[in-house]
Amino acid sequence: MAQLPQSQEFTLRASDGLFTNRANSVAESPARADETATYSVMEEAVSREEERTGGGAAPRLRDRTAACCHGGAKMALLAYSLGKREINHHFTVRNAKLISLAAVALLLVFHAALRFYGGGDSCEWLLSRGRYLGENVWQPYGCMMHKYKSTEAKTCLAEKRVAFVGDSRIRQLFYSFVKIIDPERAEDGNKHEDIFFQDERSSLKVDFLWYPEANNSMKERFILWTHEASAKPDAVIVGAATWSIKLHGGSSETLQQYRANLTAIAVQLESLAERGEVYWVLQDPVNEEMLSENRRMITNQQLELYNEAAMNVLNNSKFPGRTRVKLLAASRQAALETISQSDDGLHLPEGTRNVGAMILMNSVCNKLLRPIDGSCCQTLPPPNFSQKLSACFFLGSAAVFAVLHVLGSSHHRRPVPPDVESLEEKKPATAAAPLGPKAPFQALCRMGVIMAYFYLCDRADVFMKEQKFYTHSTFFIPLIYILVLGVFYSENSKETKLLNREQTDEWKGWMQLVILIYHISGASAFIPVYMHVRVLVAAYLFQTGYGHFSFFWLKGDFGLYRVCQVLFRLNFLVLVLCVVMDRPYQFYYFVPLVTFWFVIIYATMAMWPQILQKRTNSSGMWHLGVLMKLLSLLVFICTFAFSQSFFESTFSVWPTSKLFELNGSIHEWWFRWKLDRFAVFHGMLFAFVYLVLQKRQVLSEGKGEALLPAKISNLLLFLSVVSFITYSIWASSCKTKTECNEMHPYISVVQILAFILIRNIPGYVRSVYSSFFSWFGKMSLELFICQYHIWLAADTKGILVLIPGSPSLNVLVSTFIFVCVAHEVSLVTNDLAQVVIPKDSAALLKRLGAVAVVSLLVLLWTKGEQLTPGT
């Protein structure tokens with residue numbers, strides 16, 4: 001019979017006691033009669049549930065409430081249990097996946113129509129509109145703007161000339177642009193004169209030419225550039241209007257003359273735009289209240305008239321088939337929100353000028369440098385050979401599946417019935433039937449559809465992308481939401497041992513959800529959050545050491561089948577993504593990390609002498625052998641950790657270097673490995689100590705029992721809480737990530753052990769778990785990997801935008817689809833593992849040989865491509 005968790009039972013009893021006291025003081029009240037009627041209705045609901053389930057789950061509800069409470073508390077418990085059951089019954093995983101598939105289809109149609117009818121040029125989005133994230137981070141509509149550094153700007157503009165032509169506002173833009181190239185450059189030029197900047201190393205030139213009015217003088221300058229190819233700039237940024245308004249009092253005749261002059265200038269601008277880039281900067285608004293007396297005639301109304309004139313002239317269709325001048329309007333939109341901060345009402349604050357300069361730099365350089373986090377003004381490359389080959393493979397699998405389906409091949413495993421209460425998929429009571437010939441091709445078809453979605457999200461110009469922006473609310477509010485859901489789906493644990501399977505799945509689940517929120521909110525910018533999340537990553541590796549050591553220690557299964565199963569489940573998704581998304585293996589750093597440590601754990605436990613728990617029963621001396629193995633592992637770790645040159649020389653040897661290199665270097669692998677180098681060792685050591693204590697019956701692991709005697713339990717709980725508080729204070733005081741990361745490998749284990757003790761010492765806490773977190777924990781690896789491309793975007797640098805204009809709704813929709821995809825990937829991986837990894841040793845060895853040959857050929861081919869000149 002299922003029972004309430006003790007914590008919940010205590011709460012309900014307390015509520016029941018309060019209700020009883022109140023009932024004694026107000027006998028036979030109308031409220032009591034209403035309550036009785038309501039309770040009767042709920043009892044009928046329980047009876048209907050019993051009939052529907054055939055006497056399964058509903059009696060457990062009746063027994064649970066009868067055993068613990070009555071009155072208002074019983075009614076609340078019934079409402080809670082029935083409500084949860086109804087949600088789980090109607091909203092199944094299968095239904096959720098069908099909804100997500102339909103949502104993806106509709107979103108594809110929506111975005112295709114949006115680009116066709118609304119304009120799909122991300123360069124136009126960059127230049128025309130956007131919004132502020134917070135106070136000073138500019139977000140263009142639908143694409144990501146890269147923040148260029150000096151070295152990148154010099155690389156892009158090497159041997160080029162950029163000319164800024166116009167008035168004092170254009171001069172401001174010129175200085176902001178130059179400061180991207182040379183941050184030390186001072187604004188020391190004369191106000192109404194030409195200013196020149198040159199970087200001798202990169203041979204780039206940026207000039208400002210003083211032409212405050214759009215008149216014949218400006219026109220003659222453009223004519224000169226048109227006729228003299230050697231003097232023509234590669235990019236021209238021009239704009240003027242305020243001086244015309246100021247000198248002529250904002251008269252209508254001046255506006256007409258401005259339109260006529262600009263019409264004549266436009267011909268020359270179009271000619272320059274044929275072999276370069278030309279931008280006309282629309283006039284930014286002014287703060288009329290702060291303008292000096294001699295500028296009072298420069299009003300926002302006047303500026304709008306001049307902007308309309310410029311747009312009408314430059315958007316004129318009299319130049320069919322020719323490159324049009326680009327209008328820079330986004331800086332004007334940014335200025336609408338910041339002009340109140342202007343010193344004189346006319347010139348923009350520095351932050352707004354920097355936005356305009358960075359927009360120009362993205363427009364000019366993104367197509368050349370192709371930064372991953374600069375999707376504006378950047379066309380994505382066509383699929384390469386490996387991507388085309390993978391598409392053919394999945395299409396071929398679909399064709400085979402279709403043929404087998406038509407021929408009537410129906411030997412496949414029966415679907416696993418869902419458990420509507422725990423959201424888990426129960427294993428069938430009997431062994432599953434062997435997979436038929438159609439099943440693997442069906443799994444490959446599903447994987448092909450999923451990979452197509454991956455490609456469309458992050459390698460095709462279909463969906464939009466935006467950059468991350470951290471605020472405390474975007475991180476902590478979702479944390480509160482998932483905490484509430486985790487408590488809502490609390491269940492009695494099937495076993496009460498320390499770190500039992502349900503508890504470790506729960507642990508992985510809530511940690512993964514925190515990490516996901518951390519990534520999408522950009523919380524790495526906040527050092528205290530960054531350091532706490534680093535502990536969560538270390539905890540994953542701790543569990544890797546704990547879990548694999550426990551398995552080998554208890555089971556002693558060092559067979560090839562077990563090893564291949566683990567390696568396949570860890571690496572299948574990542575290897576497919578490496579091909580489809582054209583990314584190196586090390587890019588998905590966590591999988592290489594856990595794979596490496598699994599191999600190390602296996603080697604440590606399998607090497608002679610193999611010491612298992614059964615062997616230690618005969619003599620306790622074998623425990624010393626295990627400790628010697630662990631000590632050897634610690635020496636191995638320290639040898640690599642304290643000699644970077646030795647580490648790099650070891651992992652840079654071909655062909656294994658292909659597993660660890662990122663952008664031709666193993667620095668990223670060194671950083672990730674060193675950061676949590678002791679976590680797996682700590683997990684193995686903890687597993688050894690725990691299993692020895694458990695074998696000697698030192699621990700009390702019965703239901704509701706404290707793990708240790710009362711005094712020891714209270715002391716350890718107190719120290720654990722103090723440890724958490726101390727770590728949080730320390731993390732908050734860190735000034736840089738580098739400083740904190742130096743200490744992290746040595747102190748992260750303290751927080752991990754503190755959590756384990758708090759979670760397991762009290763018997764009532766150890767007896768419950770959250771099925772919500774546990775469900776996510778069962779597919780935590782898939783969630784971590786899938787987020788790279790279908791929840792985040794630009795290889796985790798940005799956020800995928802499925803619903804433009806509504807950030808909150810977009811996160812909800814993209815998260816729903818993302819979770820469904822990750823769950824499906826976990827099922828596909830499990831299905832294919834049964835086919836790819838046979839239990840027969842001879843067949844397995846043949847397949848491993850074939851894989852080794854194919855891998856070697858691929859490595860030789862890629863090496864040959866790298867050595868071939870011009871590739």
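**Q** Please clarify how the sheet that holds strand β12 (residues 792-793) should be interpreted in this entry.
**A** Paired through backbone hydrogen bonds, the strands of a sheet run either parallel or antiparallel to each other. Read from one edge of the open sheet, three strands run β9-β13-β12, paired in antiparallel fashion. Of all strands in the sheet, those with a lone pairing partner are β9 (464-467) and β12, marking the two edges. Two elements, β12 and strand β13 (residues 798-801), share two bridges in a ladder whose sense is antiparallel. What sits directly across from Ala 793, in β13, is Gly 798.

**Q** How should the sheet that holds strand β5 (residues 204-210) be read in this particular structure?
**A** The strand order across the open sheet built from six strands is β4-β5-β3-β6-β7-β8, with neighbouring strands paired in mixed fashion. The open sheet has two edge strands, β4 (195-199) and β8 (326-328), and neither has a second partner. Here the strands of the sheet are splayed against their neighbours by 15° on average, with no regard to which way each runs. Pairing of strand β3 (residues 161-166) with β5 involves six bridges; the strand directions are parallel. In the strand pairing of β5, Ala 163 is matched with Asp 207. This element, helix α9 (residues 216-227), spans β3, β5 and β6 (235-239) of the sheet and lies at about 165° to β3. Each of β3, β6, β7 (277-281) and β8 touches helix α14 (residues 350-369); the most contacted strand, β7, lies at about 165° to it.

**Q** Sorry if this is basic, but what is going on with the state of the cysteines here?
**A** Put plainly, two cysteines are in a disulfide when a covalent bond ties their sulfur atoms together. For the structure on display, the rule yields four disulfides. What pairs with Cys 143 in a disulfide is Cys 376, and their sulfur atoms sit 1.9 Å apart. Sign of the S-S torsion, about 90° for the bond between Cys 143 and Cys 376, identifies this disulfide as right-handed. In this pair, Cys 143 sits in the loop between β2 (137-140) and α7 (150-157) while Cys 376 sits in the loop between α14 and α15 (385-407), placing the two residues 233 residues apart along the sequence. Among the residues examined, Cys 376 registers a relative accessible area of 0% and is labelled buried. The disulfide that involves Cys 734 links it to Cys 740, with 2.0 Å between the sulfurs. Judged by relative accessible area, Cys 734 falls into the buried class, the value being 9%. Classification of Cys 740 as buried rests on a relative accessible area of 0%. For the chain, numbering the cysteines in disulfides from first to last along the sequence yields the connectivity 1-6, 2-5, 3-4, 7-8.

**Q** Mind showing me how you'd approach empty space enclosed by the protein here?
**A** The full count for this structure, using the stated rule, is four cavities of 30 Å³ or more. Approximately 160 Å³ is the volume found for the largest cavity. Looking at the largest cavity, it is lined by 16 residues, and the ones nearest its centre are Arg 169, Leu 173, Val 281, Asp 284 and Leu 348. At the level of elements, α8 (168-181) and α14 are the ones that each hand at least two residues to the lining of the largest cavity. Counting residues per element, the lining of the largest cavity draws most heavily on α8, at four residues.

**Q** Teacher, can you tell me more about the pairing of β7 here?
**A** Taken residue by residue, a regular strand's side chains alternate between the two faces of the sheet. Burial analysis of β7 places five of its five residues in the buried class, which makes it a mostly covered element. Burial along β7 is two-sided: the face carrying Glu 277, Tyr 279 and Val 281 and the face carrying Val 278 and Trp 280 are both buried. Where β6 and β7 come together, four bridges link them in parallel fashion. Following the sheet pairing, Ala 235 is matched in β7 by Glu 277.

**Q** It is not clear to me how the pattern of salt bridges should be interpreted in this structure. Could you clarify?
**A** Pairing between side chains of opposite charge can happen when the charged atoms of each approach one another. Here the structure, examined in full by the defined rule, presents 24 salt bridges. The salt bridge involving Lys 97 is made with Glu 824; its shortest N-O contact spans 2.6 Å. One end of the pair, Lys 97, is in helix α5 (residues 93-118); the other, Glu 824, is in helix α33 (residues 807-836), and 727 residues separate them in sequence. Like Lys 97, the residue Glu 824 is buried in the burial classification.

**Q** When you look at helix α20 (residues 560-580) in this model, what are you seeing that I'm missing?
**A** Quick reminder: α-helices carry 3.6 residues per turn. Residues three or four places apart thus point the same way. Taking 1.5 Å per residue as the helical rise, α20 with its 21 residues ought to reach 30 Å, and the 29 Å between its terminal C-alpha atoms agrees with that figure. Bending of α20 peaks at approximately 45° at the position of Asn 571. Where burial is concerned, most of α20 is hidden: 15 out of the 21 residues are buried. Just past α20, the residue Asp 582 takes up positive phi, approximately 55°.

**Q** Any chance you could explain the packing of aromatic side chains here in plain terms?
**A** Describing an aromatic ring pair means giving the distance of the ring centres and the angle of the ring planes. As enumerated under the stated definition, the model contains 59 aromatic pairs in all. Here the aromatic rings of Phe 558 and Tyr 602 are separated by 6.0 Å at their centres, their planes lie at 65°, and the arrangement is edge-to-face. Residue Phe 558 is found in the loop between α19 (527-555) and α20, and its partner Tyr 602 is found in helix α21 (residues 590-606); the two are separated by 44 residues along the sequence. Measuring from centroid to centroid gives 5.2 Å for Phe 596 and Trp 597, while their planes differ by 75°, and the two rings are edge-to-face. Residue Phe 596 shares its accessibility class with Trp 597, and that shared class is buried. The ring of Phe 587 carries the charged tip of Arg 583 above its face, separated from the ring centre by 5.9 Å. A cation over an aromatic ring shows up here: Arg 672 above the ring of Tyr 589, its NZ or CZ 3.8 Å from the ring centre.

**Q** Looking at this model, I keep getting lost on unusual backbone geometry. Mind explaining?
**A** Most of the time, phi is negative for any residue but glycine, and the peptide bond is trans. Across the junction of Trp 608 and Pro 609, the peptide omega takes the value -5°, indicating a cis bond. Note on placement: Pro 609 falls in the loop between α21 and α22 (613-616). Across the junction of Trp 654 and Pro 655, the peptide omega takes the value 10°, indicating a cis bond. Within the secondary structure layout, Pro 655 lies in the loop between α24 (644-651) and α25 (657-660).

Cut-offs and rules
- Residues numbered from 1 in each chain as written.
- Predicted model: local features only at pLDDT ≥ 70, side-chain atom pairs only at ≥ 80, totals over all residues.
- Heavy atoms only, no water.
- Pairing = 2+ DSSP bridges.
- Helix = DSSP H or I, 4+ residues; strand = E, 2+ residues; numbered from the N terminus.
- Axes fitted to C-alpha atoms, helices over the stretch in contact; angles between N-to-C directions.
- Contact = heavy atoms within 4.5 Å.
- Disulfide = S-S within 2.5 Å.
- Buried < 20%, exposed > 50% of the residue type's maximum accessible area, 1.4 Å probe, protein only.
- 1 Å grid on protein atoms, 1.4 Å probe; cavity = no way out; pocket = protein on both sides within 12 Å on 5 of 7 lines; lining within 4 Å.
- Points joined across faces, edges and corners; volume = space filled by probe spheres on them.
- Salt bridge = Lys/Arg side-chain N within 4 Å of Asp/Glu carboxyl O.
- Expected span 1.5 Å × (residues − 1).
- Bend = angle between axes of the 7 residues up to and from the residue.
- Phe/Tyr/Trp six-rings, centres within 6.5 Å; stacked < 30°, edge-to-face > 60°.
- Lys NZ or Arg CZ within 6 Å of the ring centre and 35° of its normal.

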